[in-house]
Amino acid sequence: MSRSYFHLHLVSDSTGETLINVGRAAAVQYEGISAIEHVYPLVRSGAQLERVISEIKAAPGLVLYTLVGHELIERLEEACRETGSPTLNVLQPVHALLRSYLGATSTERPGAQHMLNAEYFKRIDAMNFTLAHDDGNLPADLDEADVVLVGVSRTSKTPTSIYLANRGLKTANLPLVPSMPLPPSFERVKKALIVGLIASPERIVQIRQNRLLSLKADDNSSYVDRESVADEIAASRRLCAKYRWPTIDVTRRSIEETAAAILDLYREHRLKFIAT
């Protein structure tokens, strides 16, 4: 099937993350059609906006924006009408609903969600902790973590940990290696939620083979042997069952989906921990 393309202009007075996520979430629903993204972050002056408009005129397409200044909005929408580019203020319907429900007006603060507040510094602290406790490092202070991920090699422990850290959770991860016991500190973990990540042997073998290929290493070992990998995964399942750790099968899950499931488990865990 042939693929068609369209230009998608994303204009933001902040980082553009909101627009990128919204645009991609919507565009992926249309099979055989791909968006050519043009991202314009931190657009907060007339001169910056004029540069954006010149780009839109050169490649007309769909325009999504998150601007709060009325003059900038009017100028952008005027230019879009001139070029025949459909445009949408992505946050406007949400603001309208909030105004109706709260009976209050919003203040025009570009990038207000990225202010250096307590939540921001919490994420930085979580990221520092997570990077220091990657791949089994510093196991002695595991109970200072919010979440501890365990699993055999190539179950996406590190990227999932980093994603959770960006959500403010201190996350440690530990690889489960055949014939290697858990660190003694695991016996002292009370506060942290421990989650086991598992996947199908076929998926693990595929990822490990690609890893060895990128390293130009020999793949003639138990590391990529299907039967050996199946034994590893079975052992990790038994370990999680022994300690009653919840498990998540990441075979067909994205990092975001895995993290969402962990966040749900963490909320339940915190409620139980507080109750006791």
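Rules and cut-offs
Residues numbered from 1 in each chain as written. Predicted model: local features only at pLDDT ≥ 70, side-chain atom pairs only at ≥ 80, totals over all residues. Heavy atoms only, no water. UniProt positions renumbered as here; feature names shortened; annotations may be inferred. Core = buried A, V, L, I, M, F, W, Y, C linked by side-chain atoms within 4.5 Å. Buried < 20%, exposed > 50% of the residue type's maximum accessible area, 1.4 Å probe, protein only. Helix = DSSP H or I, 4+ residues; strand = E, 2+ residues; numbered from the N terminus. Contact = heavy atoms within 4.5 Å.

Under an unreviewed UniProt entry, the protein chain has the name Putative pyruvate, phosphate dikinase regulatory protein and belongs to Methylorubrum rhodesianum. Word for word, the UniProt comment on the protein chain under Function (unreviewed entry) is "Bifunctional serine/threonine kinase and phosphorylase involved in the regulation of the pyruvate, phosphate dikinase (PPDK) by catalyzing its phosphorylation/dephosphorylation."

Student: Give me the nonpolar core: which residues, what numbers.
Tutor: Within the largest apolar cluster, 20 residues are counted, with the highest numbers of intra-cluster contacts made by Val147, Leu149, Leu164, Val195, Leu197, Ile248 and Ile262. Per element, the largest residue contribution to this core is five residues, and it comes from helix H9 (residues 255-275). Ile248 has contacts with Val195, Gly196, Leu197, Ile198, Arg253, Thr258, Ala261, Ile262 and Leu265, leaving out every residue within four places of it along the chain.

Student: Give a detailed account of the UniProt feature "binding site: ADP" (unreviewed entry) in the protein chain, specifying residues and quantitative values.
Tutor: Using the residue numbers shown here, the UniProt feature "binding site: ADP" (unreviewed entry) corresponds to Gly151, Val152, Ser153, Arg154, Thr155, Ser156, Lys157 and Thr158. Relative to the elements of secondary structure, Ser153 occurs in the loop between strand E5 (147-151) and helix H6 (157-166). When neighbours within four sequence positions are excluded, Ser153 is seen to be in contact with Ile204, Arg208 and Tyr223. Positionally, Thr158 belongs in helix H6. Leaving out residues up to four positions away in the same chain, Thr158 has contacts with Asp134 and Asn173.

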